[in-house]
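Structural description and commentary
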Amino acid sequence: MNDDVRNIVLGVIAAGISAAVGWLARTYLWRRRLRRKQAFFGLPDNAESLLVVNRDAGGPDLTVTRRDVFALLELSALIKDCHANAQVVAHDAAQQGFGERTEFCVGGPASNRRMAAHLASLLPGIRVNTEAEPGPERGAFQIGGERYRLEPGRSEYVLLARLTAGERREARPVFLFCGQRAITNQAATRYLARNHERLARKYGTNTFVLLLKVVNSQAYGPDVVELVADVTRPAQAPLPVPAQTRTSHRAAN
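Quick caveat: nothing in here was measured; it's all calculated off a predicted structure. (Residues numbered from 1 in each chain as written. Predicted model: local features only at pLDDT ≥ 70, side-chain atom pairs only at ≥ 80, totals over all residues. Heavy atoms only, no water.)

Thoughts on the pairing of strand β8 (residues 174-179)
As a reminder of what qualifies: Accessible area is worked out with a 1.4 Å probe on protein chains only. A residue is then buried under 20% of its type maximum, exposed over 50%, and partly exposed in between. Helix and strand assignments come from DSSP, with helices taken as H or I runs of at least 4 residues and strands as E runs of at least 2, each series counted from the N terminus. What makes two strands pair is DSSP finding at least two bridges between them.
Among the 6 residues of β8, 6 are classified as buried, and the element is accordingly described as predominantly covered. Burial along β8 is two-sided: Val174, Leu176 and Cys178 and Phe175, Phe177 and Gly179, pointing in opposite directions, are all buried. The pairing of strand β3 (residues 102-106) with β8 spans 4 bridges and is classified as parallel. Each residue of the ladder has a partner; that of Glu103, found in β8, is Val174.

Shown next, in the form of structure tokens:
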């Protein structure tokens, strides 16, 4: 074998080794990224998850608003990327605890009993005005001592939360998308789809509650979303009892 042939063979071998190393490195990074994503969502390979949605009050069939369908599509793509499976369940049929399967709960407490139960038991510092009568307070959020009113089409709020119960490491999280309107639910799922890597770096697998603001949805739809605040601490602390209620309670005793 002369020098030219030997150089060609060595070049081919070096190129093959470089390609193999590059492929292994890309595969390792892809797998590490996938594992981080699976850990954040609580969705290992072939895991089962729940998509909890509203049921139309007018009948027994499971019907979902167009915007909430779009929200479910955003979530379904995330679940598929984690190599997991999803089951769609009506809010009044999901009669089970949490922690066994990852849950994605979509909709406000006025139309989603499951959401109302999660807020009451896990986030006592949040109160949502569910009155049907129109008025400036309809749909308003109270978080701690702050109130956030709905201005349809202009300024609308939605809560995005990742919650875990208990100290079990294997417990699956519950994700809440609690908006003042259906379009805000879609905005929150899209925000999660776009920012889950950043959220995973910041919070890991811990609980967080974020208040998001959807800006000018009548012009921009669900695409323009601002992070108002991390409200994890006030959301988990019980709301203070109004002075009038405390006075009435003392009088009754």
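What about the pattern of salt bridges?
Oppositely charged side chains are able to pair whenever their charged atoms sit close together. We apply this condition: Only one rule defines a salt bridge in this text: a Lys or Arg side-chain nitrogen within 4 Å of an Asp or Glu carboxyl oxygen.
Applying the stated criterion across every chain, the model contains 11 salt bridges. Notably, a salt bridge pairs Arg181 with Glu156, separated by 2.4 Å at the nearest N-O pair. Linking Arg181 in the loop between β8 and α4 (182-203) with Glu156 in strand β7 (residues 155-163), this pair joins segments that are 25 residues apart in sequence. Residue Arg181 is classed as partly exposed on the basis of its relative accessible area, which comes to 36%. Glu156 gets classed as buried once you look at its relative accessible area, which sits at 0%. The partner of Asp223 in a salt bridge is Arg194, with the nearest N and O atoms 3.6 Å apart. With Asp223 in the loop between α5 (217-220) and β10 (225-230) and Arg194 in helix α4, this residue pair connects regions lying 29 residues apart in the sequence. Three or more residues are tied together by salt bridges with common partners; here these are Glu74, Arg190, Arg194 and Asp223.

Digging into helix α3 (residues 113-122)
Our working definition: Summarising the geometry, the arc corresponds to the directions from the helix axis toward the C-beta atoms. Contacts were defined at the residue level, with two residues in contact if any of their heavy atoms lie within 4.5 Å. Polar contact is the term for a pair of N or O atoms within 3.5 Å; when the atoms are in protein, one must be able to donate a hydrogen and the other to accept it, and sequence-neighboring residues count only if both atoms are side-chain atoms.
Within α3, the full set of buried residues consists of Arg114, Met115, His118 and Leu119. For α3, the buried positions fall inside an angular range of 135° around the axis, keeping them on one side. The exposed set on the far side of α3, more than 90 degrees from its buried face, consists of Arg113 and Ala120. Those residues of α3 that are buried lie in contact with β1 (48-53), β3, β4 (126-128) and β8. Two to three positions downstream of the cap, the backbone nitrogen of Arg114 sits 3.0 Å from a side-chain oxygen, assigning the N-cap of α3 to Asn112.

A short note on the sheet that holds β7
In sheet architecture, strand pairing relies on hydrogen bonds along the backbone and comes in two forms, parallel and antiparallel. The condition is simple: Axes, fitted as lines to C-alpha atoms, cover a helix only where it is in contact. Angles between the N-to-C directions of the axes lie from 0 to 180 degrees.
Read from one edge of the open sheet, 7 strands run β2-β1-β3-β8-β7-β9-β10, paired in mixed fashion. For this open sheet the edge positions go to β2 (85-90) and β10, each flanked by a neighbour on one side alone. Across the sheet, the mean angle separating the axes of adjacent strands is 20° when strand polarity is ignored. Note that β1 and β3 share 4 bridges and pair parallel. Following the sheet pairing, Leu50 is matched in β3 by Glu103.

Brief notes about the sheet that holds strand β5 (residues 141-143)
The antiparallel open sheet is built from 3 strands, whose spatial order is β4-β5-β6. Each end of this open sheet is capped by a strand with a single partner; those strands are β4 and β6 (146-148). The mean angle between the axes of side-by-side strands here comes to 20°, regardless of whether they run parallel or antiparallel. When β4 meets β5, the two strands line up antiparallel, connected through 3 bridges. Note on β5: the bridge partner recorded for Ile126 is Ile143.

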